[in-house]
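This is what each chain is made of:
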Amino acid sequence: MLNRGVEPDIDLMSRLAKGDERALAELYRRYSPSLYALLLRMLQSREEAEEILQDSFVQLYREAARYQLERGSVTAFLFTIGRHFALSRLRSRGARPQKVDDRDLHNPEQELGLWREDDPTDRILIRRALHRLEPTDRKLLEEAFFDGYSHSELAERHHLPLGTVKTRVRRALLKLREYLGGPQTTEEA
Amino acid sequence: MKDLRELLPDYALGLLEGSEKAQLEQALQSSPELRQELEELQAVLLQIPQSLPPEVPSPSVWVKIKHKTIPRRDFLRWVAAAAVLASLGLGGWGLDHYNRYRTLAEEHARVARWLADPDVRWRLIKNAEGKSLGTMLWTEDGRCLMILSEPPPAGKVYQAWGRKTEGDPVSLGVFTTRVFETSYEGFASVGVSLEPPGGSPQPTQPLGRVPTS
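Residues numbered from 1 in each chain as written. Chains lettered and ligands numbered in written order. Predicted model: local features only at pLDDT ≥ 70, side-chain atom pairs only at ≥ 80, totals over all residues. Heavy atoms only, no water.

Colleague: Hey, could you run me through the nonpolar core in this one?
Modeller: One recurring pattern in soluble globular proteins is that nonpolar side chains are buried together. Of all hydrophobic cores here, the largest spans 73 residues; its most connected members are M13(A), F57(A), L60(A), L141(A), L176(A) and L13(B). If you tally residues by element for this core, the top one is helix 2 (residues 21-43) of chain A, at 13 residues. With residues up to four places along the chain from it excluded, the contact list for L13(B) reads R83(A), L141(A), A144(A), F145(A), V169(A), L173(A) and L45(B). (Core = buried A, V, L, I, M, F, W, Y, C linked by side-chain atoms within 4.5 Å. Buried < 20%, exposed > 50% of the residue type's maximum accessible area, 1.4 Å probe, protein only. Helix = DSSP H or I, 4+ residues; strand = E, 2+ residues; numbered from the N terminus. Contact = heavy atoms within 4.5 Å.)

Have a look at this one:
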C-alpha cells in the first residue's frame, strides 16, 4: 500500500527512547513545522524561535523514555516542552515584543503546499472552534496561551476588571473544549 | 471554599498562583477525576497551536540538533549514508517518499473538497477514554469521510462499520490509509475498528463511533 512505512508516533517514541536517531529525524520532519509556527507566534523572532525549536527537540530526545501515550499525544508532549521553553524566554526578556499586525511571519504560500505532510483538517476545525468564541474571550485566551500574560496583565491591557478577565478566560477554555468535542455539531453544519 | 474544579482552566494555562495553586495541586494528588479533567483541558489548549499554518525552519536547526543528540561516530556515519543516498538520486528511498507524498497530496485534495462544502457536518472520533483519534465529516445525502490521525499500525488495517439502532454492525469497508470515504446511508452511527489484514466479520478492536443524526 502507498502508506506502507508510515510509522505511528508511539512506535517512533519507543525507538527514540532507545536512542534511535532515525526516529528523531522522522519526528522532526513531522512536527518541526507546527512547533516552529507556535514558537514564531510566541516569540515573534525567527532567530529565537529556531533556538527554542532546537532545544525542544533535544529535550524530546532526552525525555522520550518518560513519554506515556495515555497522558497525551506526541504533539501535546512536544508542544508542552516548546511552550514551556518559550514562556521562560518571554519572561526573561521582561517585556514582550508587540505583534505587528501587518508583518506576517508566516508564509501564506505554504498554506496550500501539497508536498508537505501537513493535514489541514485539524487546522480548519480548530480555527472554526476558536472563531465561535466571543471575540474578547478568544483574544484573552490567545494572549494567555501564546504570550503568557497573567490575569492582571490581561486586565490592564484590555481595561477590564480582574474578576471579569478571570471569568472570561475560564469560560473561553471551557467553551473551546465543548466546541472541539463536537457536541454542538448542528451549529457546525 | 471555592470549588477546586473551577480553578482547573487557570491552572492549565499556568495562571494560578499562591494558596489556590497549592490547594489545587494537593487535591490533584488524591483525585483522579480532577486529574482527568485537567488532562482534558491541557489537551484542548495544546490544540490551539494547530490553528497556525506550519512553517519550515532553516535546515541549520536540524544540523544543530543532530550535533547535540547523535554521538559523533554515528553522526559521521549518518552523513556518509546521506551522501550515498543523495548520489543515488531516485533510489528506493526517494521513490517510497515520492509515493508517500503523492498519497498525502491526494488525501489533502479530497479533504479540502469536503471542507469546501458548507453543508458538511463533523464530529471528532473518540475512544472510550475520550482521546481523539480523528474526525468524521458527513453530509445529509449519506456520504461520509473518515480522517484518522495516524495510519494503522504495522500488520493491521482500519475497518469502517455502520450500525442501525438494533442489530450487528455492518462492514463499510477496509482501509490502510488515513482518509476513507464511504456511504453511511441507512445507519444511525458509523464507527471504526482495528482489524487484521483483510478485515473481520465483526469488530474485534473497536476504536470509536460517531452518531450521524
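Colleague: How should the sheet that holds strand 6 (residues 179-183) of chain B be read in this particular structure?
Modeller: Backbone-to-backbone hydrogen bonds join strands into a sheet, with any given pair of strands oriented parallel or antiparallel. Residues and elements named next belong to chain B. Here 4 strands make up an open sheet; going across it, the order is 1-2-3-6 and the pairing antiparallel. The two strands at the open ends of the sheet, each matched to only one other strand, are strand 1 (121-126) and strand 6. Mean inter-strand twist for the sheet, computed between neighbouring axes without regard to direction, equals 20°. In this sheet, strand 3 (residues 143-148) lies alongside strand 2 (residues 132-138) in antiparallel orientation, the contact comprising 5 bridges. The residue of strand 3 that forms the bridge with M136 is M146. (Pairing = 2+ DSSP bridges. Axes fitted to C-alpha atoms, helices over the stretch in contact; angles between N-to-C directions.)

Colleague: Where do I start with the pairing of strand 7 (residues 189-195) of chain B in this structure?
Modeller: Looking along a regular strand, one sees side chains alternate from face to face of the sheet. Residues and elements named next belong to chain B. Within strand 7, 7 of the 7 residues are buried, which leaves the element mostly enclosed by the surrounding structure. Residue alternation in strand 7 divides its side chains into two sets, S189, G191, S193 and E195 and V190, V192 and L194, and both sets are buried. Note: strand 4 (residues 157-163) against strand 7, 7 bridges, orientation antiparallel. Residue Q159 lies in a different strand from strand 7, and its bridge partner there is S193. The pairing of strand 7 with strand 8 (residues 205-211) spans 6 bridges and is antiparallel. Across the sheet, residue V192 finds its bridge partner in strand 8, namely G208.

Colleague: I'm lost on the packing of helix 6 (residues 135-147) of chain A against helix 8 (residues 162-181) of chain A in this one. Help?
Modeller: Residues and elements named next belong to chain A. Interaxial distance between helix 6 and helix 8 falls to 8 Å at its minimum, and their mutual angle equals 95°. In this view, helix 6 runs roughly perpendicular relative to helix 8, as classed from their interaxial angle. Facing helix 6, whose interface residues are T136, D137, L140 and L141, helix 8 presents R168, V169, R171, A172, L173 and L176. A class-by-class count of the residues in the contact of helix 6 with helix 8 yields 6 nonpolar, 1 polar and 3 charged. (Parallel < 35°, antiparallel > 145°, perpendicular 65-115°, else oblique. Nonpolar A, V, L, I, M, F, W, Y, C, P; charged D, E, K, R; others polar.)

Colleague: I'm lost on helix 3 (residues 32-45) of chain B in this one. Help?
Modeller: For the α-helix, the turn length of 3.6 residues means that residues three or four positions removed from each other point alike. In this model helix 3 of chain B runs 20 Å from its N-terminal to its C-terminal C-alpha over 14 residues, within 8% of the 20 Å that 1.5 Å per residue would give. Those residues of helix 3 of chain B that sit buried are L34(B), E37(B), L38(B), L41(B), V44(B) and L45(B). In an axial view of helix 3 of chain B, the angular spread of the buried residues amounts to 120°, which keeps them on one side of the axis. Elements that come into contact with the buried residues of helix 3 of chain B comprise helix 6 and helix 8 of chain A together with helix 1 (8-12) and helix 2 (18-30) of chain B. (Expected span 1.5 Å × (residues − 1). Arc of directions from axis to C-beta.)

Colleague: Whenever I open this one, the environment of V74(A) confuses me. Can you help?
Modeller: Residue and element names in this part refer to chain A. With respect to the helices and strands, the residue V74 is situated in helix 4 (residues 74-93). Judged by relative accessible area, V74 falls into the buried class, the value being 3%. Counting along the chain gives 14 residues from V74 to L60, while the straight-line C-alpha distance between them is 9.6 Å. Among all residues touching V74, those that are not within four sequence positions of it are D9, M13, L27, Y31 and Y67.

Colleague: How do you make sense of the pattern of salt bridges when you look at a structure like this?
Modeller: If charged atoms from side chains of opposite charge come close, those side chains can pair. This structure, assessed with the given rule, holds 23 salt bridges over all chains. Close ionic contact of R177(A) with E37(B) constitutes a salt bridge, the shortest N to O distance being 3.5 Å. Here R177(A) is found in helix 8, whereas its partner E37(B) is found in helix 3 on a different chain. Among the residues examined, E37(B) registers a relative accessible area of 11% and is labelled buried. Through salt bridges with shared partners, a single network forms among D9(A), E26(A), R29(A) and R30(A). (Salt bridge = Lys/Arg side-chain N within 4 Å of Asp/Glu carboxyl O.)

Colleague: Whenever I open this one, helix 3 (residues 46-63) of chain A confuses me. Can you help?
Modeller: End to end, helix 3 of chain A covers 25 Å across 18 residues, agreeing with the expected 26 Å (1.5 Å per residue, within 8%). Turning to helix 3 of chain A, its buried residues number three or more, namely E48(A), A49(A), E50(A), I52(A), L53(A), Q54(A), S56(A), F57(A), V58(A), L60(A) and E63(A). Buried residues along helix 3 of chain A sit in contact with helix 1 (9-17), helix 2 and helix 4 of chain A together with helix 4 (59-69) of chain B.

Colleague: Which parts of the structure should I look at to understand the pairing of strand 2 of chain B?
Modeller: Of all 7 residues that make up strand 2 of chain B, 6 are buried, and the element is covered over most of its length. Here strand 1 of chain B folds back onto strand 2 of chain B in antiparallel fashion, the turn holding 5 residues, of which G130(B) has a positive phi close to 90°.

Colleague: Hey, could you run me through the sheet that holds strand 7 of chain B in this one?
Modeller: Residue and element names in this part refer to chain B. The 4 strands are arranged 5-4-7-8 in an open sheet whose pairing can be described as antiparallel. Because the sheet does not close on itself, it has two edges, and the strands there are strand 5 (170-175) and strand 8. The mean angle between the axes of side-by-side strands here comes to 20°, regardless of whether they run parallel or antiparallel.

Colleague: Would you mind showing me how to read the environment of D20(A) here?
Modeller: Residues and elements named next belong to chain A. Here D20 lies in the loop between helix 1 and helix 2. The exposure class of D20 is buried, given its relative accessible area of 15%. Separated by 41 residues in sequence, D20 and Y61 place their C-alpha atoms 9.3 Å apart.

These figures capture arrangement, not role.
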